[in-house]
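Architecture at a glance
Chain residues, written in single-letter form:
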Amino acid sequence: MISSEAVLGLPQYEITNIERENGWVVLSARYTGPIICPACGGTKLRSKGRHLREVRHESWGERRCRLRLEAHTWQCRGCGVRFRQRFPGILPYKQASEPFRRSVFLRHWDGISRSRLAARESIGSATVERWFQDFLRREQAKLQSAGCPEVLGIDEHFFTRRHGYATTFCDLKNHRVYDVVLGRSQAALESYLAHLPGKERVHLVCMDLSSSYRALVRKHFPQAHIVADRFHVIRVINWHFTACWRQLDPLGSRHRGLVRLMRRHERSLTPEQRERLRAYLEQVPGLAAIYDFKQALCASLLRKTCSQKQCQKLAPRLLANIAELRQSGFASLAQLGDTLHAWAGEIAAMWRYTKNNGITEGFHTKMEVLQRQAYGFRNFQNYFFVSCCPP
């Protein structure tokens, strides 16, 4: 025999009758669990009246259901307080059970519009929106109650022209968005980070080469190690190298085929592409030496999971490369040397830690897709719920 819990989806209930009324399936049931006083927790109660409570319950396929419960008004013999009986799975003063409210939330999340869902379930469209916001707030509370993640990724992305940029805090260990905060400056994030609970749990922070983010992390996460994102470091190197190339050969730096070959790592080139690139480099004086230097620098920075002894060998080489860049006669390369010198510790940490901000960048791509599907967001709170609180 099928149990009542399997039919209702609620524990400690017993179905007493099932009937059809005007196209509805009406499930009559009674609660079989313990009843306690909400004031003192006593179990010695006296019945002061009986009534029926009827709420909307999740549908059986295309048939809509109502749940009819036998309820009592109780008086506690210990403290004398009178109260109406409460049922698990049904919140006080609600006209629908929690399973039905959550089913509406999930279907609205899957893309069914408010008006269509309201017409199908014979509820108001405002009720659908209210339940949806309620469950989103619950999901947000679940995420924030867990505390700060151990491995944190920080990056900014564009929100709107009116509000500017927003900062994403990502849990790189569990591959999920932890929080999204409006703004990216120190002044905008100072108040948020000052009241963030569980900051002592963070032991690793991954970010791009942003001085404002680094200053905030050093202040609010003093025990965390900062690791520069490898993608952004390589991109900075390529950008300054392209600027130097543009000074040596303005015409060749505009050739799309040569630009594509210059940006690739040398190991990714085919023999024909490598021969073509070498033929071009020999035509521009000094460009071949700069290109070889850049390739050697990128190759050393792309190494991962190095041991302590390996890092001790790589660190002097990195410092020597930075000194050569700062002493070069090209302004773009000297500026690159200054940048790498300022971030030398965070860049060297890439050899020991494998985490990067690729997960955060992937979530940003999904956020951009959500913005396009919604034709943009004006309300940041709605954007936050959709981005951070998946069901």
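In the block above lies the structure referred to throughout.
First, a word on what this report is: a plain description of the structure on this page. (Residues numbered from 1 in each chain as written. Predicted model: local features only at pLDDT ≥ 70, side-chain atom pairs only at ≥ 80, totals over all residues. Heavy atoms only, no water.)

Now for the overall build of the protein chain. A count of helices and strands for the protein chain gives 15 helices and 10 strands. Here the C-alpha radius of gyration of the protein chain, 31 Å, is well above what a compact globule of 391 residues would show, namely 21 Å. Each of the three principal axes of the protein chain carries a C-alpha extent, and together these read 100 × 45 × 45 Å. When the 391 residues of the protein chain are sorted by exposure, 45% land in the buried category. Nonlocal contacts in the protein chain, meaning residues at least 24 apart in sequence, comprise 58% of its contacts between residues at least 6 apart. Taken together, the 61 basic and 34 acidic charged side chains of the protein chain have centroids lying 5 Å from each other. (Helix = DSSP H or I, 4+ residues; strand = E, 2+ residues; numbered from the N terminus. Rg over C-alpha atoms; globule rule 2.2 N^0.38 Å. Buried < 20%, exposed > 50% of the residue type's maximum accessible area, 1.4 Å probe, protein only. Contact = heavy atoms within 4.5 Å. Lys, Arg positive; Asp, Glu negative; His and termini not counted. Charge placed at Lys NZ, Arg CZ, Asp CG, Glu CD.)

Next up on the list: helix α14 (residues 358-373). Between the first and last C-alpha of α14 there are 23 Å, a value that for 16 residues agrees with the 22 Å anticipated at 1.5 Å per step. Residues of α14 that are buried make contact with β6 (151-160), β7 (164-171), β8 (176-182) and α15 (380-388). Positive backbone phi, at 55 degrees, marks Tyr 375, one or two positions downstream of α14. (Expected span 1.5 Å × (residues − 1).)

Spatially, the 5 strands line up as an open sheet ordered β8-β7-β6-β9-β10, and their pairing is mixed. Looking along the sheet, the strands with just one partner apiece sit at the ends: β8 and β10 (225-228). Direction aside, the axes of adjacent strands within the sheet are offset by 30 degrees on average. Pairing between β6 and strand β9 (residues 204-207): 3 bridges, direction parallel. Looking at β9, one finds that Val 151 is bridged to Leu 204. Against the sheet, α14 touches β6, β7 and β8, its axis set at about 30 degrees to β6. (Pairing = 2+ DSSP bridges. Axes fitted to C-alpha atoms, helices over the stretch in contact; angles between N-to-C directions.)

Any functional reading would require information beyond the geometric quantities listed.
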